[in-house]
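Examining the three-dimensional arrangement
So the chains spell out like this:
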Amino acid sequence: EAGVAQSPRYKIIEKRQSVAFWCNPISGHATLYWYQQILGQGPKLLIQFQNNGVVDDSQLPKDRFSAERLKGVDSTLKIQPAKLEDSAVYLCASSFIRHEQFFGPGTRLTVL
Amino acid sequence: QQPVQSPQAVILREGEDAVINCSSSKALYSVHWYRQKHGEAPVFLMILLKGGEQKGHEKISASFNEKKQQSSLYLTASQLSYSGTYFCGTDPNTDKLIFGTGTRLQVFP
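The following paragraphs examine the structure supplied in this document. These figures come from a predicted structure and were not determined experimentally.

1. Some thoughts on the overall build of chain A
- Within chain A, the regular secondary structure consists of 0 helices and 11 strands.
- Scaling as 2.2 N^0.38, a compact globule of 112 residues should have a C-alpha radius of gyration of about 13 Å, and chain A matches this with 13 Å.
- Based on the C-alpha atoms only, the size of chain A along its principal axes is roughly 35 × 25 × 25 Å.
- For chain A, the residues scored as buried account for 46% of the 112 residues in total.
- The contacts in chain A between residues at least 6 apart in sequence include a share of 52% that link residues at least 24 apart.
- As displayed, chain A has an accessible area near 5600 Å², and 52% of this comes from carbon and sulfur atoms.
- Between the mean site of the 13 positive side-chain charges and the mean site of the 10 negative ones, chain A shows a separation of 4 Å.

Here it is as structure tokens:
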């Protein structure tokens, strides 16, 4: 079974630039999550989708972050404009409803 | 409210046992446990549902005391491959996980 795919794996940008991350979840998983993990901390949920709809985006900084899930499958997370404090690993995970979450390899973002 | 894990770090020799605790201030529907190796994604270990059940997976098991809003992860006869950071993820019946502060485990030969 193919796992959760993410790209790119690494990204280095300057502050105020834009960046986008892509995630392809495990086939059949209705729920998709985007997490931000700062070095030394646990993952922090940014947004949760169930099929096409947003279940929770209460911790998404909406002035600069946006996310969408196309046709209930792939998802993109965008940051525009990036700040220094956005440097982190961005993890995508997917699951069946209320089951264990499977994580992708993550995108390590460095903002200079 | 982020669940608190203890201890923050553990150093073991191969074959030794360890217990990692996770404590939440909220009533919980479930607790998930994950292990993350350096530079890698978290990997699911087990999920415990409301009901105080205990689960096991080879030499790793866990318990969930819903009254105390606590869960514990038990690692017996540790192996080198157990090294990593362990996170609990708590679900206060909102269908989303709040990850704990993490416990770094290092196993030496």
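2. Some details on the sheet that holds strand β8 (residues 75-79) of chain A
Residues and elements named next belong to chain A.
- On the basis of which strands lie adjacent, the open sheet formed by 4 strands has the order β1-β3-β8-β7 and antiparallel pairing. Both edges of this open sheet fall to β1 (5-7) and β7 (65-69), since each of them pairs with a single strand only. The mean inter-strand angle of the sheet, taken between neighbouring strand axes irrespective of direction, is 15 degrees.
- Pairing geometry for β1 and strand β3 (residues 19-24), over 3 bridges, is antiparallel. Looking at the pairing, A5 lines up with N24 of β3.

3. Quick look at the interface of chain B and chain A
- Taken together, the contact between chain B and chain A spans 18 residues of the former and 20 residues of the latter.
- Interface area, chain B with chain A, both sides summed: about 1500 Å², of which 51% is carbon and sulfur.
- For the chain B face of the interface with chain A, the top three residues by lost area are D95, K96 and F99 of chain B, together amounting to 36%.
- Inspection of the chain B/chain A interface yields 1 salt bridge.
- A salt bridge links D56 of chain A to K96 of chain B, with the shortest nitrogen-to-oxygen separation between them at 2.7 Å.
- For the interface between chain B and chain A, the tally reads 3 residue pairs in polar contact (both at pLDDT 80 or more).
- At 3 residues, the largest contribution of residues to the side of chain B that touches chain A is made by strand β4 (residues 30-36) of chain B.

4. Here we look at the side chain of S24 of chain B
Residue and element names in this part refer to chain B.
- By the secondary structure assignment, S24 is in the loop between β3 (18-23) and β4.
- You can call S24 buried: its relative accessible area is 9%.
- Within the structure, S24 has its side chain in polar contact with the backbone nitrogen of K26 (distance 3.0 Å).
- Ignoring any residue separated from it by four or fewer positions in sequence, one finds S24 in contact with Q69 and T90.

5. Focus: the pairing of strand β6 (residues 53-56) of chain A
Residue and element names in this part refer to chain A.
- Alignment of strand β5 (residues 44-50) against β6, held across 3 bridges, turns out to be antiparallel. Along β6, the bridge assignment pairs Q50 with G53.
- In this antiparallel pair of consecutive strands, β5 and β6, the connection spans 2 residues, and N51 shows a positive phi of 55 degrees.

6. Details of the packing of aromatic side chains
- Across all of its chains, the model carries 9 aromatic pairs over all chains by this definition.
- Relative to F99 of chain B, the ring of Y35 of chain A lies with its centre 5.5 Å away and its plane at 80 degrees, an arrangement referred to as edge-to-face. Of this pair, Y35 of chain A sits in strand β4 (residues 31-37) while F99 of chain B is found in strand β10 (residues 98-99), placing the two residues in two different chains.
- A centroid spacing of 5.7 Å and a plane angle of 70 degrees characterise the contact between Y34 of chain B and F44 of chain B, whose relative ring orientation is edge-to-face. Of this pair, Y34 of chain B sits in strand β4 while F44 of chain B sits in strand β5 (residues 43-49), and the two are 10 residues apart along the sequence.
- Grouped by ring-pair contacts, the aromatic residues Y33, Y35 and F103 of chain A together with Y34, F44 and F99 of chain B constitute a single cluster.

Conventions we followed
- Residues numbered from 1 in each chain as written.
- Chains lettered and ligands numbered in written order.
- Predicted model: local features only at pLDDT ≥ 70, side-chain atom pairs only at ≥ 80, totals over all residues.
- Heavy atoms only, no water.
- Helix = DSSP H or I, 4+ residues; strand = E, 2+ residues; numbered from the N terminus.
- Rg over C-alpha atoms; globule rule 2.2 N^0.38 Å.
- Buried < 20%, exposed > 50% of the residue type's maximum accessible area, 1.4 Å probe, protein only.
- Contact = heavy atoms within 4.5 Å.
- Areas by Shrake-Rupley, 256 points an atom, 1.4 Å probe, with all protein chains shown as cover.
- Lys, Arg positive; Asp, Glu negative; His and termini not counted.
- Charge placed at Lys NZ, Arg CZ, Asp CG, Glu CD.
- Pairing = 2+ DSSP bridges.
- Axes fitted to C-alpha atoms, helices over the stretch in contact; angles between N-to-C directions.
- Buried area = accessible area lost by both parts, 1.4 Å probe.
- Salt bridge = Lys/Arg side-chain N within 4 Å of Asp/Glu carboxyl O.
- Polar contact = N/O pair within 3.5 Å; in protein donor to acceptor, adjacent residues only side chain to side chain.
- Phe/Tyr/Trp six-rings, centres within 6.5 Å; stacked < 30°, edge-to-face > 60°.

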